[in-house]
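Here is how the chains run, residue by residue.
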Amino acid sequence: MVLSFDGKVALVTGAARGIGRAIALALSGKGAEVLLADILLEPLKELQAELAQAGSMARVYTMDITSVESVAKAFWSIERDVKRVDLLINNAGITRDGLLVRMRDEDWHAVLDTNLSGTYRVTRAVLKGMMKARYGRIVNIASVVAEMGNAGQTNYAASKAGIIGFTKSLAREVASRGITVNAIAPGYIETAMTEALDEKAKEHLKDMIPAGRLGSPEDVANAALFLLSEESSYITGQVLHVGGGLYM
Ligand code: NAI
C-alpha cells in the first residue's frame, strides 16, 4: 500500500518540533501541502525552508491553541490561503506534572486548556469546511496515560482521556459525512517532552516496554499517515496505541 496525499491540505498543530514536526515532514514527503501551526514561529520557518528545499510547499501560521483570538486570526489567514483543510492533526500539547496533593490550579487549567480545549477549538474551526466537502480526516494525539494512568500526571491524563471521549463522540457525529476522527495514543517517545527523564528513568521504562526501546517521532508519524489516508476510510472513533506494547 503506497499512501499518497497529492492535492491534500493538512493542518498540523505543534508542528515546530517533536511528533508534530515528524508528522508534517512525513505528510509533505507524500505530497500534501502542509500548514504548520505553533506558538514558536522561528522553528516553523526553518521547517518551511527545509521543505521548500525538498521541493515541497508548506505554509506557516502562529497559532496559540489556548487563545480563541489567536485561533480565529490564524484561520482567517488559512481561509484566505487555501480552499479547505482536508486533514487535521491536533498534536500541540503540554505537561505540567506534579502529584495531585500539590497540584497548582494554574497547572491543572493550563494542561486542560491546551490539550483538551485546544483540540476542541481547532477542530471546530475546520469542521464546517470538511462537512461541506464531505471529506475529512482528523487525528488527535492522546497518550497511553489516558488509559493506563500515571502518578504525577492527573491533569495530563485527564486531558488526554478527554481527547479520547471527544474523538469517539465527534466520530459518531460526522461519520456519515465522510469524515473520520481517530486518536493516537503514543507511549514514551523521544522528544523535548521526555528529555527531562534521566538515564535511570529511561532504563526503567525500557524494562516496562515489550519492544525494549522508547519510540521515535517517526513511529508516531507512520501511524498518523495511515489514519490520515484515503485507505483508512472505514476506521473511525478508534484509539491506536503507538507504544511498543507498553499498554495492551
Ligand atoms: P514537544 O513539547 O516536543 O512539542 C509540542 C509542540 O506543541 C511544541 O512545538 C510546542 O511549541 C507546541 N505547543 C505547545 N503549546 C501550544 C499552544 N498553546 N499552541 C500551539 N502550539 C503549542 O512534545 P511532543 O513530545 O512532540 O508531543 C506532541 C504531542 O504528543 C503532545 O500532544 C503530547 O502530549 C503527545 N504525546 C507525547 C508523548 C511523548 O512521549 N513525547 C507521549 C504521549 C503523547
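Scroll up a little and you will see the structure.
About the cut-offs
Residues numbered from 1 in each chain as written. Predicted model: local features only at pLDDT ≥ 70, side-chain atom pairs only at ≥ 80, totals over all residues. Heavy atoms only, no water. Helix = DSSP H or I, 4+ residues; strand = E, 2+ residues; numbered from the N terminus. Buried < 20%, exposed > 50% of the residue type's maximum accessible area, 1.4 Å probe, protein only. Polar contact = N/O pair within 3.5 Å; in protein donor to acceptor, adjacent residues only side chain to side chain. Contact = heavy atoms within 4.5 Å. Near = heavy atom within 4 Å. Areas by Shrake-Rupley, 256 points an atom, 1.4 Å probe, with all protein chains shown as cover. 1 Å grid on protein atoms, 1.4 Å probe; cavity = no way out; pocket = protein on both sides within 12 Å on 5 of 7 lines; lining within 4 Å. Sits in = over half its atoms within 2 Å of the grid points. Phe/Tyr/Trp six-rings, centres within 6.5 Å; stacked < 30°, edge-to-face > 60°. Lys NZ or Arg CZ within 6 Å of the ring centre and 35° of its normal.

Its place among the elements puts Q153 in the loop between helix 5 (145-148) and helix 6 (154-174). With relative accessibility at 9%, the residue Q153 sits in the buried group. Within the structure, Q153 has its side chain in polar contact with the side chain of D97 (distance 3.2 Å). Among the polar contacts made by the side chain of Q153, one reaches the side chain of N150 at a distance of 3.0 Å. Ignoring sequence-local partners within four residues, the contact set of Q153 consists of T95, D97, G98, V145 and A158.

Within the structure, the ligand sits among 30 residues, and D38, N91, Y156, I189 and T191 are positioned closest to it. At 3.4 Å from an oxygen atom of the ligand is found a main-chain nitrogen or oxygen belonging to G187. Between I189 and the ligand, the recorded distance is 2.8 Å, taken from a backbone N or O atom to an oxygen atom. Here the ligand loses 95% of its free accessible area of 830 Å² to cover by the protein chains. Of the pockets mapped on this structure, the ligand occupies the largest pocket.

What follows deals with the packing of aromatic side chains. Overall, the coordinates contain zero aromatic pairs when judged by the stated rule. The cationic tip of K8 hangs over the ring face of Y135; the distance from NZ or CZ to the ring centre is 5.0 Å.

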